[in-house]
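Examining the three-dimensional arrangement
The primary structure of each chain is shown beneath.
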Amino acid sequence: MTSDLRLAIGDWRLGRTAVLLFFLAATWSCVPDSHVDLILYNGKIITVDADDTIAEAVLIRDGRLAAVGSDEEILALATPDILQVDLQGHTATPGLIDAHAHFGWSGADMLYVLDLSYPNVERMADVIDLVRQQIDRLDSGEWVEGRGWDEGKLEELRYIYAADLDSISPDTPVWLSHTMGHYGVANSVALEMAGITAETPDPPGGTIDRFPDGTPTGVLKENAQGLVRRLIPIAKG
């Protein structure tokens, strides 16, 4: 072992899906024991160390990352009982510790959905400007969708309301999801399409936010979001 061989730092235990071999999932699934000693080489090993180092190979021993380094360094540690997997230039990462992720949604968002997260938007005017730009890009009648706004990070420190959106979207339905996904805001066109009025009762498990006179603000929480979201074409969100 050479002096610059980087030993793994910390207790990175490997569970059944602890190493994601994005292009070799079939190979990994054939391993009967998820704690089998394993060498991954000829790849891009994302170490997640303090310097975000990318290594060529990694040794996994007794269910833990034992060492990372060059192909030469790690293959020198091989013994007959260690399974060797050639990554053929592909990437492997430590197991994701966040079990709640939406990779598909994120990819679709990049294509179709406005990014309303901070610091992309810092004030209500930024939200309005992005929605206006999207309307100019779309065909008549197409939905504008956005995601990621957080009233706690807006300069105004308040929800986005339908009234904020109506002046720039008199004929275009708009739906903007909150960063947490538990509520969002629709403009008046979208509310009308959904049949939401002051007389509309809250659906089970959901809330239609209202002003003191009962008029819907445009903010729909939990299951009430479905009153509008079900109208949005699947291909656009």
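An ideal rise of 1.5 Å per residue puts 20 Å on 14 residues; helix α4 (residues 124-137) measures up with 20 Å between its terminal C-alpha atoms. Taken together, the buried positions of α4 are occupied by M124, V127, I128, L130, V131, Q134 and I135. Along α4, the residues classed as buried sweep out an arc of 165 degrees about the axis, all on the same side. Exposed and oriented more than 90 degrees from the buried face of α4 are D136 and R137.

What follows concerns the nonpolar core. V131, W149, I160, L165 and L176 are the most contacted members of the largest nonpolar core, which has 22 residues in total. At the level of elements, α4, β11 (144-149), β12 (174-178) and β13 (183-186) are the ones that each hand at least two residues to this core. Examining the composition of this core, we find that six residues originate from one element, α4, more than from any other. Residues within four places of V131 in sequence aside, it is in contact with L114, V144, L165, I168, V174 and L176.

Its place among the elements puts I39 in strand β3 (residues 38-41). Under the relative-accessibility criterion, I39 is labelled buried at 0%. Sequence separation of I39 and V85 is 46 residues, and the distance between their C-alpha atoms is 6.2 Å. The residues contacting I39, other than those within four sequence positions of it, are V58, L59, I74, L75, A78, I82, L83, Q84 and V85.

Moving on, we get to the packing of aromatic side chains. In this structure the tally under the stated criterion is four aromatic pairs. Aromatic side chains Y159 and Y183 sit 5.3 Å apart centroid to centroid with 50 degrees between the ring planes, which places their arrangement in the tilted category. Of the two residues, Y159 is situated in the loop between β11 and α5 (162-166) and Y183 in strand β13; the sequence distance between them amounts to 24 residues. No difference in accessibility class separates Y159 from Y183, as the two residues are buried. Between Y161 and F211 the ring centres are 5.5 Å apart and the planes differ by 65 degrees, which places this aromatic pair in the edge-to-face class. With Y161 in the loop between β11 and α5 and F211 in the loop between β14 (206-210) and β15 (216-222), the pair connects residues that are 50 residues apart, well separated along the chain. Given the relative accessible area of 23%, Y161 is considered partly exposed. Aromatic rings pair up to connect W149, Y159 and Y183 into one cluster. The ring of Y183 carries K221 above its face, with NZ or CZ at 5.8 Å from the centroid.

Moving on to the pattern of salt bridges. Per the counting criterion, the structure on display carries seven salt bridges. Taken together, the salt bridges that share partners define one network made up of E122, R123, D126 and E155.

Right, let's talk about unusual backbone geometry for a bit. Cis geometry marks the peptide bond from Y118 to P119, where omega comes out at 5 degrees. Its place among the elements puts P119 in the loop between β10 (114-115) and α4. Phi is positive for V48, close to 60 degrees, though the residue is something other than glycine. Take V48: it is sitting in the loop between β4 (44-46) and β5 (54-55). A positive phi angle, near 55 degrees, is found at Q88, a position not held by glycine. Tracing the backbone through its elements, the reader meets Q88 in the loop between β8 (83-86) and β9 (91-93). The exposure class of Q88 is exposed, given its relative accessible area of 58%.

Before going further, it helps to spend a moment on the pairing of β12. For β12, the buried fraction is high: five of the five residues fall into the buried class. Because side chains alternate across β12, one face comprises the buried residues V174, L176 and H178, and the other comprises W175 and S177, equally buried. Pairing between β11 and β12: five bridges, direction parallel. Among the inter-strand pairings, R147 is bridged to a residue of β12, identified as S177. One ladder, built from three bridges, connects β12 with β13; its direction is antiparallel. Of the residues in β13, the one forming a bridge with W175 is A186. Linking β12 to β13, which pair antiparallel, is a turn of four residues; within it G181 sits at a positive phi near 80 degrees.

Rules behind the numbers
- Residues numbered from 1 in each chain as written.
- Predicted model: local features only at pLDDT ≥ 70, side-chain atom pairs only at ≥ 80, totals over all residues.
- Heavy atoms only, no water.
- Helix = DSSP H or I, 4+ residues; strand = E, 2+ residues; numbered from the N terminus.
- Expected span 1.5 Å × (residues − 1).
- Buried < 20%, exposed > 50% of the residue type's maximum accessible area, 1.4 Å probe, protein only.
- Arc of directions from axis to C-beta.
- Core = buried A, V, L, I, M, F, W, Y, C linked by side-chain atoms within 4.5 Å.
- Contact = heavy atoms within 4.5 Å.
- Phe/Tyr/Trp six-rings, centres within 6.5 Å; stacked < 30°, edge-to-face > 60°.
- Lys NZ or Arg CZ within 6 Å of the ring centre and 35° of its normal.
- Salt bridge = Lys/Arg side-chain N within 4 Å of Asp/Glu carboxyl O.
- Pairing = 2+ DSSP bridges.

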